[in-house]
Amino acid sequence: METLYPALIIDALSTVRYPGSGKTIVELGMVEDDIRINGRHVDFTLLFDKDTDPFKASLVKSAQAAIKLAAGKDVDVEIRTAARRVAPVKEEKPVLPGVKNIIAVSSGKGGVGKSTVAANLAVALAADGYRVGLLDADIYGPSVPKMFGLENAEIYMHEVDGKNLIIPAERYGVKVLSIGFLIDPASAAVWRGAMASNALKQLIEQADWGELDYFLIDMPPGTSDIHLTLVQTLGITGAVVVTTPQQVALADARKGISMFRDSKINVPVLGIVDNMAWFTPEKHPDEKYFLFGSEEDVDALAQEFDVPVLARIPLVAAVGEHSDAGKPIVLEPTMSAQAFVHLAHETVDAIDRRNDNLPPTTKVKVH
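The rules behind each value
Residues numbered from 1 in each chain as written. Predicted model: local features only at pLDDT ≥ 70, side-chain atom pairs only at ≥ 80, totals over all residues. Heavy atoms only, no water. 1 Å grid on protein atoms, 1.4 Å probe; cavity = no way out; pocket = protein on both sides within 12 Å on 5 of 7 lines; lining within 4 Å. Points joined across faces, edges and corners; volume = space filled by probe spheres on them. Helix = DSSP H or I, 4+ residues; strand = E, 2+ residues; numbered from the N terminus. Nonpolar A, V, L, I, M, F, W, Y, C, P; charged D, E, K, R; others polar. Buried < 20%, exposed > 50% of the residue type's maximum accessible area, 1.4 Å probe, protein only. Lys, Arg positive; Asp, Glu negative; His and termini not counted. Salt bridge = Lys/Arg side-chain N within 4 Å of Asp/Glu carboxyl O. Polar contact = N/O pair within 3.5 Å; in protein donor to acceptor, adjacent residues only side chain to side chain. Contact = heavy atoms within 4.5 Å. Pairing = 2+ DSSP bridges. Axes fitted to C-alpha atoms, helices over the stretch in contact; angles between N-to-C directions. Parallel < 35°, antiparallel > 145°, perpendicular 65-115°, else oblique. Left-handed = near helix turned anticlockwise from the far one by under 90°. Right-handed = clockwise from strand over helix to strand, strands pointing away. Patch = residues over 30% accessible without salt bridge, like charges linked within 9 Å, V, L, I, M, F, W, Y side chains within 5 Å. Areas by Shrake-Rupley, 256 points an atom, 1.4 Å probe, with all protein chains shown as cover.

**Student:** Go over the layout of surface pockets with me, naming the residues and quoting the values.
**Tutor:** By volume, the largest pocket amounts to about 600 Å³. Lining of the largest pocket is provided by 19 residues; of these, P94, V95, P97, K163 and E205 occupy positions nearest its centre. Of all the secondary-structure elements, those providing two or more residues to the lining of the largest pocket are strand 7 (163–167) and helix 5 (193–205). When the residues that make up the lining of the largest pocket are grouped by side-chain class, the tally is 10 nonpolar, three polar and six charged. Taken together, 24 residues make up the lining of the second largest pocket; nearest its centre are P94, I102, G235, P360 and T361. Put simply, the parts of the chain that give the lining of the second largest pocket at least two residues each are strand 4 (99–107) and helix 10 (335–357). Looking at which element gives the most residues to the lining of the second largest pocket, the answer is strand 4, with four residues. Of the residues that constitute the lining of the second largest pocket, the class distribution is 11 nonpolar, seven polar and six charged.

What follows is the structure, encoded as C-alpha cells:
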C-alpha cells in the first residue's frame, strides 16, 4: 500500500494530458494548490478556463484513475472543478481625459516661425470660442512665455481629487504652460534627455488642464527624445508641420512628416503651414516678394505626402514685433492676422475630416 503524500499525487496527475494540447494538466496549471490528504482520502480542485469545458468529465475520470494507479485502488479520490479566476484587465485611464483634440505643431528645423504659428493659432482658436490649451514643449528654447507676455508669471498648484496639480497660466483665452515658467529665463536649460522628458511629462500629467477642445503642443524643432516622449505619453490627434519655402527647410519638413507617418508612431499629418511665404511691405500690402522660395515648392511637398497646405503666412515685420511685445498679431485687424484666422479655420476643418475618417490615435507602446 503506497503512502499518500502531495508529491505522489502531483506525479500521478503529471501523466494526464489535456486533449489536443500535448501538455499535462499539471503543466497547464490546472491543479489547484489545495491538495488535502486524510488517511486514504484525497481531495483537490481542477481548474478549467470555462465551466463548459467539453473535456471536464473525462479529465476528472482520468485524474482519478491516474491516482488510483499510482497509490492503490482503495484510495478515495474526490475532485472538485472550478473556473479559473481571471484577473480583471485594468483599463488605462487617458492622460488628459477632458481634452478632445491634441495637435502637435512641429517643424523639421528651427527658425521657421513654428512657435509664432503655434501661439497665433491658439489665440485664433480661442477667439472663435473654443477652449484651448498651449504647452510649450521646447524644453531647451522656450519662447511661448515671451509671446504671451508671461515671462514673470508665477505658477501655483491646487488640489484636485487628492492630487496637487499645476495651474496653467491663462492669457487671451488660452491656458499656457512652459518649462520657461520654472527656470531662470537668463539661464540655459542644460539637461540630459531623460531629465527633459520627465519635466515635460510633469507639465502634461501633473497640470490641471481641465476641459479643452484643442490642446496645442509647440514641439521642439527636428526629431528628438522629446518627440518620442510625447507620442508615448499622449495619443496625438494630428500634426501641423510648419516650414518656409526654402529648400533646406522643406527637406527637414519632409523628415518631420516621415517621422509622424512612421508605422510605429502613426500620427496623422493634418497639413502644412507655408510660413514667411512672401515678404509684403506694410505700406504696400498688395506687393509680394518671394524671398525664400516659391509656393510651387511647398505645394510639391504637400502633393508628395497628399496633405493640404493649410495656410500661407506672409513675412511681415509686425508679426515679430507683436510676438516680442507679448501680444500675438492675430488680435489685431491686419492682413497677417487674417492669415492666422484662416489657418485656425482650416485646422478645425482638417481635424473634423480626420476624426470622421480615422480612429483615435493611440499612444506609442514601448516594448
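Following the structure, the description resumes.
**Student:** Lay out the side chain of D53 in plain terms, naming residues and giving numbers.
**Tutor:** Note on placement: D53 falls in the loop between strand 2 (41–48) and helix 2 (56–71). Within the buried core, D53 has no salt-bridge partner, and the shortest N-O distance to an opposite charge, that of K56, equals 7.9 Å. For D53, the side chain forms a polar contact with the side chain of Y18, separated by 2.7 Å. If we skip the residues at most four places from it in the chain, D53 touches Y18 and F48.

**Student:** Residue-level account of the environment of W209, with values.
**Tutor:** Along the polypeptide, W209 turns up in the loop between helix 5 and strand 10 (212–218). W209 sits in the buried class, given a relative accessible area of 2%. Spatially, the C-alpha atoms of W209 and T347 are 21 Å apart, while their sequence positions differ by 138 residues. A polar atom in the side chain of W209 sits 3.2 Å from the backbone oxygen of L203.

**Student:** How would you sum up the sheet that holds strand 13 (residues 309–315)? Please name residues and give values.
**Tutor:** Spatially, 8-9-5-10-4-11-12-13 is the arrangement adopted by the eight strands of the open sheet, whose pairing is mixed. Lying at the two open borders of the sheet, with one neighbouring strand each, are strand 8 (169–171) and strand 13. Between one strand axis and the next, the sheet turns through 25° on average, direction left out of account. One ladder, built from five bridges, connects strand 11 (residues 238–243) with strand 12 (residues 269–279); its direction is parallel. Among the inter-strand pairings, A239 is bridged to a residue of strand 12, identified as V269. Along the sheet, helix 3 (residues 114–127) contacts strand 4, strand 5 (132–136), strand 9 (174–178), strand 10, strand 11 and strand 12; its crossing angle with strand 10, the most-contacted strand, is approximately 170°.

**Student:** Outline the pairing of strand 10, listing residues and values.
**Tutor:** Along strand 10, seven of the seven residues are buried, which leaves the element largely enclosed by surrounding structure. Where strand 4 and strand 10 come together, six bridges link them in parallel fashion. The residue of strand 10 that forms the bridge with N101 is Y214. The pairing of strand 5 with strand 10 spans five bridges and is parallel. Across the sheet, the residue bridging to D136 is D218, located in strand 10.

**Student:** Residue-level account of the packing of helix 3 against helix 10, with values.
**Tutor:** Contact geometry for helix 3 and helix 10: axes closest at 9 Å, N-to-C directions at 75°. As judged from the angle between their axes, helix 3 and helix 10 are roughly perpendicular. Contacts between helix 3 and helix 10 involve T116, V117, N120, L121, A124 and L125 from the former and F340, V341, L343, A344, T347 and V348 from the latter.

**Student:** Requested: an account of the packing of helix 1 (residues 6–13) against helix 2, with residues and values cited.
**Tutor:** At a minimum axis separation of 8 Å, helix 1 and helix 2 run at an interaxial angle of 125°. Judged by the angle between their axes, helix 1 and helix 2 are oblique. The handedness of the crossing between helix 1 and helix 2 is right-handed. Here helix 1 contributes L8, I9, A12 and L13 to the contact with helix 2, which in turn contributes A63, A66, I67, A70 and A71.

**Student:** Can you tell me about the pairing of strand 3 (residues 76–83), naming the residues and giving the values?
**Tutor:** Pairing analysis gives eight bridges linking strand 2 to strand 3, with the strands arranged parallel. When the bridges of strand 3 are listed, F48 appears paired with A83. Crossover connection from strand 2 via helix 2 to parallel strand 3: handedness right-handed.

**Student:** Now, about the environment of D128: what can you tell me, with residues and values included?
**Tutor:** Within the element layout of this structure, D128 appears in the loop between helix 3 and strand 5. Judged by its relative accessible area of 38%, D128 is partly exposed. The spatial distance from the C-alpha of D128 to the C-alpha of W278 is 27 Å, given a sequence separation of 150 residues.

**Student:** Mind laying out a nonpolar patch on the surface, listing which residues take part and the relevant values?
**Tutor:** A cluster of nonpolar side chains, namely F279, Y289, L291 and F292, defines an oily patch on the protein surface of about 360 Å² accessible area. Within the secondary structure layout, F279 lies in strand 12.

**Student:** Could you give an account of unusual backbone geometry, naming the residues involved and the relevant values?
**Tutor:** It is generally the case that most residues other than glycine have a negative phi and that most peptide bonds are trans. With a phi close to 55°, Y172 is a non-glycine residue in the positive phi region. On the secondary structure map, Y172 appears in the loop between strand 8 and strand 9. When its relative accessible area of 30% is taken as the criterion, Y172 is described as partly exposed. Unusually for a residue other than glycine, M276 sits at a positive phi of about 55°. Residue placement: M276 occurs in strand 12.

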